[in-house]
Amino acid sequence: MTPSNTPRENDRTLVLADGRRLAYTDCGDPEGTPVFFAHGMPGSRLEGYFFDTLARAHRFRIITVDRPGIGRSEFQAGRTLRDYPRDIEQLADALGIDRFTHMGWSSGGSRTLACCHGLADRVELGVCLSGYTHFPEYPGNGRLLEATHWPGPAMAKLSPRLVRVAVCLVAWLSRVQPGLYMRSARQIASVHDRELLQSLAGDGRFRADQLECLNSRCRAIATDLLTELGDWGFRLGDVRTPVLIYQGADDPFVPVDYARHLDDKLPASELTLMTDTGHLYPLSGVFQERLFTHIRQMLLNGRTRPFTDNSSRNAS
């Protein structure tokens, strides 16, 4: 299993043990501290490029995979959340990476926790940026539809088939009317998010990332969502790896309650609740400076050893 370059700079592919093609980007400092990053939904491996400049400055290497059927990665039938760390393990082995940090944004948060659980001997630190919680443990019912019009946990519990139908409809509308999709996203977004979108509008990177996913087959998108909205195959209390949780107080897409629930149930977590901040803050250079500095401090100070309780929690 040897990674090979593809035409786009920093884009690569790996053939996994089962014959599937896994596409990923390798950004930041090639010799830097490795961080595997899980994209949101919609999202793709292209999100790694958003971190490239400051990752280089802080000497981090950002490796972002397309999940099965998304972008350039091949689909995997019968996918579960616990398959994700198996893919990351094979990629880490191919790249010669032993221990690493795993970070996920939005739908990528559940993948971070899956790696913290399934690869506990290799993941030093988990970072969840506005991630979903584990809904079978969540006291509320969750949403039927998310603010983005994607299916929520209530719909997944009601009918997986209905989720697939809803995803196909949203993805089709987004493909035929991408301008409408982007306008809808801006209308839902917080003031802080709209400012970030405006600053990114010129280079088209955000739009390209979204469409890379939306142009994928709806079966893959629906499967990706269902692996997160249902039972993960482990409980939050089983995750012993330290996890940093970041959440915007004005996030219209992921309720603050999800972050608080994660912080309450994870044995080793630190919640940072940010005022006047929405969902797109990971795209902000100011936030990335703060994030990479914090991760470096955690790694240097040896604070990534498994905690015995949740007394390290620090909300701000």
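The structure this text deals with has already been given above.
Owing to the predicted nature of the structure, the values given are computational and were not obtained by experimental measurement.

How each quantity is defined
- Residues numbered from 1 in each chain as written.
- Predicted model: local features only at pLDDT ≥ 70, side-chain atom pairs only at ≥ 80, totals over all residues.
- Heavy atoms only, no water.
- Axes fitted to C-alpha atoms, helices over the stretch in contact; angles between N-to-C directions.
- Helix = DSSP H or I, 4+ residues; strand = E, 2+ residues; numbered from the N terminus.
- Parallel < 35°, antiparallel > 145°, perpendicular 65-115°, else oblique.
- Contact = heavy atoms within 4.5 Å.
- Nonpolar A, V, L, I, M, F, W, Y, C, P; charged D, E, K, R; others polar.
- Salt bridge = Lys/Arg side-chain N within 4 Å of Asp/Glu carboxyl O.
- Buried < 20%, exposed > 50% of the residue type's maximum accessible area, 1.4 Å probe, protein only.
- Disulfide = S-S within 2.5 Å.
- Phe/Tyr/Trp six-rings, centres within 6.5 Å; stacked < 30°, edge-to-face > 60°.
- Lys NZ or Arg CZ within 6 Å of the ring centre and 35° of its normal.
- Pairing = 2+ DSSP bridges.
- Core = buried A, V, L, I, M, F, W, Y, C linked by side-chain atoms within 4.5 Å.

Engineer: Any chance you could break down the packing of helix α2 (residues 83–95) against helix α3 (residues 108–118) for me, citing the residues and the numbers?
Structural biologist: Interhelical geometry of α2 versus α3 gives an angle of 70 degrees and a closest axis separation of 8 Å. As summarised for this structure, α2 and α3 are arranged roughly perpendicular, according to the angle between their axes. Touching Tyr84, Pro85 and Ile88 of α2 are Arg111, Ala114 and Cys115, all from α3. The residue makeup of the contact of α2 with α3, split by class, is 5 nonpolar, no polar and 1 charged.

Engineer: For the pattern of salt bridges, give the residues involved together with the corresponding values.
Structural biologist: One pass over the full model with this rule turns up 18 salt bridges. The residue aspartate 87 makes a salt bridge to arginine 79 at a minimum N-O spacing of 2.9 Å. Taking relative accessible area as the criterion, aspartate 87 reaches 5% and is therefore assigned buried. Exposure remark for arginine 79: the relative accessible area of 13% places this residue in the buried category. Arginine 111 serves as the salt-bridge partner of aspartate 224, at 3.2 Å between the closest nitrogen and oxygen. Pair noted here: aspartate 224 is in helix α9 (residues 218–229) and arginine 111 is in helix α3, with a separation of 113 residues, a long-range link.

Engineer: Any details on the state of the cysteines? Residues and values, ideally.
Structural biologist: Per the counting criterion, the structure on display carries 1 disulfide. Sulfur-sulfur distance for the disulfide between cysteine 168 and cysteine 218 comes to 2.2 Å. A torsion of 60 degrees about the S-S bond marks the disulfide between cysteine 168 and cysteine 218 as right-handed. Placement of cysteine 168 in helix α5 (residues 160–176) and of cysteine 218 in helix α9 is noted, with a sequence separation of 50 residues between them. Distance from the sulfur of cysteine 116, which forms no disulfide, to the nearest cysteine sulfur (cysteine 128) is 7.0 Å. Classification of cysteine 116 as buried rests on a relative accessible area of 1%. Free of any disulfide, cysteine 213 has its nearest cysteine sulfur in cysteine 218, 11 Å distant.

Engineer: Give me the lowdown on the packing of aromatic side chains, citing residues and values where you can.
Structural biologist: Centre-to-centre distance and the angle between the planes together describe a pair of aromatic rings. What the rule picks out here adds up to 12 aromatic pairs. Measuring from centroid to centroid gives 5.0 Å for phenylalanine 37 and phenylalanine 51, while their planes differ by 55 degrees, and the two rings are tilted. On the criterion of sequence distance, the pair formed by phenylalanine 37 in strand β4 (residues 33–38) and phenylalanine 51 in the loop between β4 and α1 (52–57) is long-range, its members being 14 residues apart. The burial state of phenylalanine 37 is the same as that of phenylalanine 51; both residues are buried. Between phenylalanine 51 and phenylalanine 292, the ring centres sit 6.5 Å apart and the planes meet at 75 degrees, which makes this aromatic pair edge-to-face. In this pair, phenylalanine 51 is assigned in the loop between β4 and α1 and phenylalanine 292 in helix α11 (residues 285–300), connecting sequence segments 241 residues apart. The pair formed by phenylalanine 51 and phenylalanine 292 is uniform in burial state, with each residue classed as buried. An aromatic cluster is defined as three or more aromatic residues linked by ring pairs; in this entry it consists of Phe37, Phe51, Phe60 and Phe292. Here arginine 296 stacks its cationic end above the ring of phenylalanine 60, 4.2 Å away from the centre of that ring.

Engineer: Give me the lowdown on the pairing of strand β3 (residues 21–28), citing residues and values where you can.
Structural biologist: The two faces of a sheet get side chains in turn, since along a regular strand they alternate between them. In terms of residue burial, β3 counts as a mostly covered element, since 7 of its 8 residues are buried. Pairing between strand β2 (residues 11–15) and β3: 5 bridges, direction antiparallel. Note on β3: the bridge partner recorded for leucine 14 is leucine 22. Where β2 folds back onto β3 in an antiparallel hairpin, the turn is made up of 5 residues, including glycine 19, whose phi is positive at roughly 95 degrees. Across 5 bridges, β3 lies against strand β5 (residues 60–65) in antiparallel orientation. Note on β5: the bridge partner recorded for tyrosine 24 is valine 65.

Engineer: Give me the lowdown on the environment of phenylalanine 75, citing residues and values where you can.
Structural biologist: Here phenylalanine 75 is to be found in the loop between β5 and α2. Here the alpha-carbon distance between phenylalanine 75 and arginine 21, two residues 54 residues apart in the chain, equals 8.7 Å. Once residues within four sequence positions are removed from consideration, phenylalanine 75 is found in contact with Arg20, Pro68, Gly69, Arg219, Ala220 and Thr223.

Engineer: Let's hear about the nonpolar core: which residues, and what values?
Structural biologist: Nonpolar side chains tend toward joint burial in soluble globular proteins. Within the largest apolar cluster, 33 residues are counted, with the highest numbers of intra-cluster contacts made by Phe36, Ile88, Leu91, Phe100, Leu113, Val243 and Leu266. Elements with a minimum of two residues in this core: β3, β4, β5, α2, α3, β7 (123–129), β8 (243–248) and α10 (256–265). Broken down by element, the residue count for this core peaks at 5 residues, all from α2. Not counting residues within four places of it along the chain, the set of residues in contact with phenylalanine 100 comprises Pro34, Phe36, Ile88, Ala92, Leu119, Arg122, Val123, Glu124 and Leu125.

That is the geometry; function is a separate question.
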